[in-house]
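# Structural characterization, general
These are the residues of each chain, in order.
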Amino acid sequence: MNLKAMVQIDVLEKPIERIKETCVMMGITEKFERALPELETFLEGEVAKGETRETRLTYEGLCYLKQIFSRG
């Protein structure tokens, strides 16, 4: 069993849920769903760099989504 992967999933669960809730409130659920795999990869990278604070991961994730959405 890979405990590191389990910890990463737990750390990302709340930030991703908060980001999703924000996107739902903004009416961009479909955009969020399409961008989710890329967002997860980005957030996993942030965790790998040592970031584990939920609020920071949520903020960085929202900023990253803004970049994704502005591209396309």
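Provided above is the structure to which this section pertains.
Please read these numbers as outputs of a predicted model, since none were measured by experiment.

### A look at the side chain of Thr58
Within the secondary structure layout, Thr58 lies in helix α3 (residues 54-71). Apart from the residues within four sequence positions on either side, Thr58 is in contact with Pro15, Arg18 and Ile19.

### So, the packing of helix α2 (residues 29-48) against α3
Axis separation between α2 and α3 bottoms out at 9 Å; the angle between their running directions is 130°. Considered as vectors, α2 and α3 are oriented oblique to each other. Crossing angle aside, the handedness with which α2 passes α3 is right-handed. Across from Lys31, Phe32, Ala35, Glu38, Leu39, Phe42, Leu43, Glu46 and Val47 in α2, the residues of α3 making contact are Leu57, Glu60, Gly61, Tyr64, Leu65, Ile68, Phe69 and Arg71.

### Considering α2
Compared with the 28 Å implied by 1.5 Å per residue over 20 residues, the 27 Å span of α2 between its first and last C-alpha is a close match. Its maximal kink placed at Leu36, α2 deviates by approximately 55°, while the proline Pro37 follows within four residues. Listing the buried residues of α2 in full gives Phe32, Ala35, Leu36, Leu39, Leu43, Glu46 and Val47. Backbone geometry just downstream of α2 places Gly50 in the positive-phi region, at approximately 115°.

Rules behind the numbers
- Residues numbered from 1 in each chain as written.
- Predicted model: local features only at pLDDT ≥ 70, side-chain atom pairs only at ≥ 80, totals over all residues.
- Heavy atoms only, no water.
- Helix = DSSP H or I, 4+ residues; strand = E, 2+ residues; numbered from the N terminus.
- Contact = heavy atoms within 4.5 Å.
- Axes fitted to C-alpha atoms, helices over the stretch in contact; angles between N-to-C directions.
- Parallel < 35°, antiparallel > 145°, perpendicular 65-115°, else oblique.
- Left-handed = near helix turned anticlockwise from the far one by under 90°.
- Expected span 1.5 Å × (residues − 1).
- Bend = angle between axes of the 7 residues up to and from the residue.
- Buried < 20%, exposed > 50% of the residue type's maximum accessible area, 1.4 Å probe, protein only.

Coordinates in, geometry out; function isn't part of it.
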